[in-house]
Structures are given as C-alpha cells and as structure tokens.
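Survey of secondary and tertiary structure
The lines below spell out each chain.
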Amino acid sequence: MQLLLLLCPCSAAPPSRVALWPLSGGADSSPPVICPPSSGCRLLEAQLQTQSREHEEEVDNLKTQLEALKEEMDRQQQTFCQTLLLSPEAQVEFGVQQEMSRLTNENLKLEKNERKLKKQLKICMKKVQDLEAAQALAQSERKRHELNRQVTVQRKEKDFQGMLEYHKEDEALLIRNLVTAHLPLEGDVASLVALRGSWDLDEVEHCCLLLAELKPQALAGAVPCLPAYILYMCIRHADYVNDDLKVHSLLTSTINGIKKVLKKHNEDFEMTSFWLSNTCRLLHCLKQYSGDEGFMTQNSAKQNEHCLKNFDLTEYRQVLSDLSIQIYQQLIKIAEGLLQPMIVSAMLENESIQGLSGVKPTGYRKRTSSMPEGDNSYCLEAIIRQMNSFHVVMCDQGLDPEIIQQVFRQLFYMINAVTLNNLLLRKDVCSWSTGMQLRYNISQLEEWLRGRNLHQSGAVETMEPLIQAAQLLQLKKKSPEDAEAICSLCTALSTQQIVKILNLYTPLNEFEERVTVAFIRTIQAQLQDRNDPQQLLLDFKHMFPVLFPFNPSSLTMDSIHIPACLNLEFLNEV
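Residues numbered from 1 in each chain as written. Predicted model: local features only at pLDDT ≥ 70, side-chain atom pairs only at ≥ 80, totals over all residues. Heavy atoms only, no water.

For the protein, the name recorded in an unreviewed UniProt entry is Dilute domain-containing protein, with Cervus elaphus hippelaphus as its organism.

Here's the deal with the overall build of the protein
Applied cut-off: Secondary structure elements follow DSSP: runs of H or I no shorter than four residues count as helices, runs of E no shorter than two count as strands, and numbering proceeds from the N terminus. For each residue, the accessible area found with a 1.4 Å probe, counting protein chains only, is set against the maximum for its type, and the residue is called buried under 20%, exposed over 50%, and partly exposed in between. By definition, residues are in contact when any of their heavy atoms lie within 4.5 Å.
A count of helices and strands for the protein gives 18 helices and 4 strands. Counting all 574 residues of the protein, 39% fall into the buried class. Contacts spanning at least 24 positions in sequence make up 80% of the contacts within the protein whose residues lie at least 6 apart.

Quick word on the nonpolar core
The condition that has to hold: Residues grouped as a nonpolar core are buried Ala, Val, Leu, Ile, Met, Phe, Trp, Tyr and Cys residues, joined through side-chain atoms within 4.5 Å. What counts as a domain boundary in this text is fixed by an automatic or database domain assignment.
Ranked by internal contacts, the top residues of the largest apolar core, which has 119 residues, are Ile230 and Leu423. For this core, the element with the highest residue contribution is helix 10 (residues 314–349), accounting for 16 residues. When residues are assigned to domains, this core turns out to be shared by domain 1 (164–184 + 200–328 + 551–573) and domain 2 (427–543), each giving three or more. Excluding its chain neighbours within four sequence positions, the residues that come into contact with Ile230 are Leu164, Leu178, Ile562, Leu566, Leu568 and Leu571.

So, the side chain of Ser433
Here is the rule: Residues adjacent in sequence count toward polar contacts only when both atoms are side-chain atoms; beyond that, a polar contact is any pair of N or O atoms within 3.5 Å, and within protein one must be able to donate a hydrogen and the other to accept it.
Tracing the backbone through its elements, the reader meets Ser433 in helix 13 (residues 432–451). Of the polar contacts made by the side chain of Ser433, one reaches the side chain of Ser431; its length is 3.1 Å.

Focus on the environment of Met233
Along the polypeptide, Met233 turns up in helix 6 (residues 226–240). In the structure, Met233 is positioned 341 residues away from Val574 in sequence and 9.6 Å away in space, judged by C-alpha atoms.

Focus on the pattern of salt bridges
We apply this condition: Counted as salt bridges are all cases of a side-chain nitrogen of Lys or Arg within 4 Å of a carboxyl oxygen of Asp or Glu.
With the rule as written, the count across this model stands at 11 salt bridges. With a closest N to O distance of 3.2 Å, Asp130 and Lys126 form a salt bridge. Here Asp130 pairs with Lys126, and both are found in helix 2 (residues 88–152), just 4 residues apart, close to one helical turn. Using a relative accessible area of 46% as the deciding quantity, one classes Lys126 as partly exposed.

Comments concerning unusual backbone geometry
The phi angle at Cys225 is positive, at roughly 65°, despite the residue not being glycine. With respect to the helices, strands and loops of the structure, Cys225 is situated in the loop between helix 5 (201–208) and helix 6. Positive phi outside glycine occurs at Asn242, with the angle close to 60°. Note on placement: Asn242 falls in the loop between helix 6 and helix 7 (244–264).

Focus on a negative patch on the surface
Worth spelling out the cut-off: Each patch is assembled from residues with relative accessible area greater than 30% and no salt bridge, linking like charges that lie within 9 Å and nonpolar side chains (Val, Leu, Ile, Met, Phe, Trp, Tyr) that lie within 5 Å. All accessible areas in this document rest on Shrake-Rupley with a 1.4 Å probe, and a residue is counted as covered only by the protein chains that are shown. Working convention for charge: Lys and Arg count positive, Asp and Glu count negative, and His plus the chain ends are omitted. We put the charge of a Lys on NZ, of an Arg on CZ, of an Asp on CG and of a Glu on CD.
Taken together, the side chains of Glu54, Glu56, Glu57, Glu58 and Asp60 make up a negatively charged region of the molecular surface. Positionally, Glu56 belongs in helix 1 (residues 39–85). Judged by its relative accessible area of 45%, Glu56 falls in the partly exposed class.

Comments concerning the packing of helix 12 (residues 401–425) against helix 15 (residues 464–474)
The following threshold applies: Here an angle of 0 to 180 degrees is reported between the N-to-C directions of two axes, which are lines fitted to C-alpha atoms, with helices fitted over the stretch in contact. The handedness criterion is simple: a crossing whose near helix is rotated anticlockwise from the far helix by less than a right angle is left-handed, and one whose near helix is rotated clockwise is right-handed. When residues are grouped by polarity, Ala, Val, Leu, Ile, Met, Phe, Trp, Tyr, Cys and Pro land in nonpolar, Asp, Glu, Lys and Arg in charged, and all others, Gly among them, in polar.
It is at 9 Å that the axes of helix 12 and helix 15 come closest, and there the two elements cross at 35°. Regarding helix 12 and helix 15, the two cross each other, and that crossing is left-handed. Residues Asn416, Thr419, Leu420 and Leu423 of helix 12 pack against Pro465, Leu466, Ala469 and Leu473 of helix 15. Of the residues in the contact of helix 12 with helix 15, the class split is 6 nonpolar, 2 polar and no charged.

Structural notes on a nonpolar patch on the surface
A grouping of Val92, Val96 and Met100 is seen on the molecular surface, where their side chains present a nonpolar patch of about 290 Å² in accessible area. Mapping Val92 onto the fold places it in helix 2. Accessibility expressed as a relative area gives 55% for Val92, which makes it exposed.

Topic: the packing of aromatic side chains
For clarity, the cut-off: When the centres of two rings from Phe, Tyr and Trp lie within 6.5 Å, Trp using its six-membered ring, the rings pair. Their planes under 30 degrees apart give stacked, over 60 give edge-to-face, and anything left gives tilted. As a reminder, the over-ring test applies to NZ of lysine and CZ of arginine, requiring each to be within 6 Å of the ring centre and within 35 degrees of the ring normal.
Evaluation of the coordinates by the stated rule reveals 6 aromatic pairs. Seen in terms of ring centroids, Tyr232 and Tyr289 are 5.1 Å apart; in terms of plane orientation they differ by 25°. Their pairing is stacked. With a gap of 57 residues between them, Tyr232 in helix 6 and Tyr289 in the loop between helix 8 (269–288) and helix 9 (301–304) connect regions that are remote in the sequence. Taken as a pair, Tyr232 and Tyr289 share a single burial class, namely buried. The ring of Phe544 carries Arg409 above its face, with NZ or CZ at 3.9 Å from the centroid. Here the basic side chain of Lys477 rests over the ring of Tyr505, its NZ or CZ set 4.2 Å away from the ring centre.

Comments concerning helix 6
Applicable threshold: Given a helix with a known number of residues, its expected span is that number minus one, times 1.5 Å.
Over its 15 residues, helix 6 extends 21 Å from the first C-alpha to the last, a length consistent with the 21 Å expected when each residue adds 1.5 Å. By the criterion of burial, helix 6 is predominantly enclosed, with 14 of the 15 residues buried. Asn242 sits one or two positions beyond helix 6 and adopts a positive phi of about 60°.

Description of helix 15
Most of helix 15 sits inside the fold, with 8 of its 11 residues counted as buried. Inspection of helix 15 places Pro465, Leu466, Ile467, Gln468, Ala469, Ala470, Leu472 and Leu473 among the buried residues, and these make up the whole buried set. Here the buried face of helix 15 lies against helix 10, helix 12, helix 13, helix 14 (459–462), helix 16 (480–489) and helix 17 (495–504).

Structure (structure tokens):
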C-alpha cells in the first residue's frame, strides 16, 4: 500500500509530526485538509528547486570529468600497449613525439594566458596613468591656489632659521604624510574630516590624492631620522609663537600616529626600527634644545640659537621615553620570532664542520636532524645572514649604536638560552662531537660580532653558559682531578645543569666509557656549597632592561632639506 506524506510548512515552528495517509481506494482513504500555499511554502519550494538544480549541475560536471578521465586512461593504455609492440628505437622515437605533443599543447595554453595577462596589464597601466594624471592635476591646482594667495601678500626673503610653520588645520595632514602615510587609506575620508574639522569631503578627497606612501626606503638618500627633525622644527615654531595648544596637539597627534603605525606593522622589523630611531631622535632633540645646560655641553653656538624659548617639555620627554621602550620591545619580539626557528637546527643539528657526521654517539648515527629535510632545516650561515639584515637596517636608519648593541645582546642571549635548553633535554646531542660543533659555531658568531664592532656589547658574555656546556662535553670525565677541573670551569652553569649534561652524555663508540655514577656524585659533593637557582632551563623570553643614553646630533636645523616625496609643501620655512 502506498503512503502519502503530508507536511504543512506554513507553521512557524518546525513540524514535530508528519501524517502518513494511505493511497488506497477505500471509503476511508480521503486525505485530510491541506493548508493553502503561503509565502513560506513558496520560499521553501524555491530553495528546494534551487538546491536540486545545483545538485544536478554538480552531478553533470562530475560525470563529464569522469568521462574525460576514462577517455584519457583509455588513450594512455592504448598508447602504452602500442609502445610495447614497438622496437626499443621506435619506443624512444614514439616517446619523443609524445613529449613534443605535450609541450606543444602546454605552449599553446601559456600563449593564451600570456595574451590574457597582457590585456590585464594594459588595463592596469591605463588606470595608473589616469591616477598619476589626477594627482598631477590636484597638485597643480593646489600650487596655483597657493600662488593666488601669495599675490596679495608677499614675504620678504629671510635666512632659514630652522623652523617650520604650518596652519593649525594642516596638522592632521602633517601627521598623515609624515607618520601614518604608509597606512592604507581604504577610503577613510570621514576620519580625516574628523581630524581636521574644517574641511568638507571634496577638499579632503583632493588632499588624499597628494598623500604619498611613506616608507623607510623612500628616505634612503635623506638625512637619517628626518621625520624627527621635521617634527622638532614644527614644535620649535609653535614654541616661538608661544602657542601651547599647538605644541600639545602636535606632540599628542605624533605619539598617537606612531602607535597606530606600530600596531598596523607589528611584524615588520624595518618599519619598527624606523620609528624606534625617529622616536629616540625626537627625544634627543627635545633634550638637546631644551635649554638645560646639562644637555647643551656639545652644542655649537648656532645650535644654541635653536633651543626652545617658552615651554618646558620634560613630561613629553618621559612619554617619548616610555614609547621608545615599547617600540624596542616590539623590535626584539619581531627579531626573535625570525631567529628562533633557525637556532636548534643551525647550532646543534647542522654539520658546520665537515666530517663530524660520522662521529656520532652510538645508537644515533642515522639521526642527523630532528627536523624534516627542506625549508625547515637551517645552517649557521642563515642566522648570520638574518643578523646581517638586522644590522644593516638599523644602521641605515640611524639608530643609536648603543641601542644596536643592546639589540644584539638580547638576541645572543636568546640563541644561548634556546640552544642550551635543547641540549639539556636531548640525549642525542650530548656528545663530544656536538661540543666541538658548538665551539665552532660560537666562534663564528664571535667573529661576526668583532667584524661589526659589536664585541663590546656584552653579547659574548650572554653566551658563556653555552660555551661552558660545549667545553664540558669535551672534557675528560673520569678522575677526581677531572671533576675539580669541571667545577672550576663551569661557573656559569648551575649544579643541576652540569649533572644533567653528565647524565645525558653519550659515548661516541663502545670504546669510550660512560660517565660513572661515582663521578657525578663527586661533582655534586664539590658543588654542594653553591647557591644555584633550582631552575634547570633558562627563560629564553627574559628581556634585559633597555637604556637610551643621550646622543646629541651635530646637525643644525637650518641645514636640513625636506624632499618633495613627503608632500609637505604646506610647511613654510621660517
């Protein structure tokens, strides 16, 4: 007997029951009353039809693909059978013909894609040309407007006194071009109106066309820390006209703009280094030209003329100092994130000294790396290249040498901590050959520090625990004299770390004896008076306090040139 499923979708709540009605021809087989169709029914019906069509299309596509694959398999099988019947020479010739046919088809596809990409390129070039034309037009309109304003009142030519004047309503544009110009605009016109206040939307859109993409590379040929000098010259003019509100607003906007940039580029080493150097330089300028005699000892007579006259910005110097610490910590975090994946492979697993791969502890000869082969394995040269990149970026951007030294001291500490922690946890690397490998790698890092004049930074001292661990792996470990030598040498390692390495030490071969329990107890007895921390592993996230020593500049403000790429034409030299 057939059953009729009756479901009323008109109800708002989901149906909990359905009616099954027999489709027999009996007297009592008349169905119940069905709800009249409603908008909900029609919507549900339409959705079901749409899903049904999509399903059918998907099934058709899969069938088509299946047929194509079957045809390809039949063709390849037929070709393979034909090839087997041919002589070896004919098989080679047939294979060459097949390969030529395949390459010809691929070339046709590539040519088709090339024509398509060329067409897209032409469209993009047309858009770029239109945008450049619009920018040139907007800039010419602005210059013409400025010329019209200068017709009525002309200024007498004066010597540049190292001050930059700007109108209060141009402050937002100054911060946008000088600090946050590299952030994407994303049509953020309304926010710029809120900052400037006196513009309408059309005028803001006009000025947005003038905004450049300020990046550190754009100022490669300019004076290092140029944005800091420009900001100080603007502050100095506000001090000159005794406008405290203007000074407060400019400094507040600058600090907020720098924070916004750092939040946007929290994984960009170059951008973070750029604003660390500029923030420190602005801090130095506020000290050097504060009028405080303690900061003026190295000033020239010309520089003393550029000191602030009316305002004491000591509180803002403290705010900038705190901001510099935050930027420094972000810089260290980015650098450590780039270096940390390389450390274990480069320092412990990679074979820097050729021939040591055959001198492995018994039972570990086949293990050359705990990491898979490929992009995840690193050598010591990768670490050195990365540190070279850090050093070049910071030097080019004018970061103070004292700060650069503290950066590498922190990074070398992390290399020491991560390597030593892995050594304390892995038996397969606690061997004489690893000790020799470590000493070689550390010597290469020390040589790199000397070549960059960073050997006085304290970075080598942070590596002392790892140096002593490498020596411990190479020392004799038999007699009481050996125990005494180990105790006198390993002063940077705790008793717990020394005992752990001795317990993990693995002989190179069956002829080398293991470290005996009696020898380890002798070590413990001689070191029992030490007040060592109970912690076995080092805190590789520990960060040393950073210091920003005062570093005055020899430049005078009137000698600084502002490049046109910054789009700061609204600043007037005073």
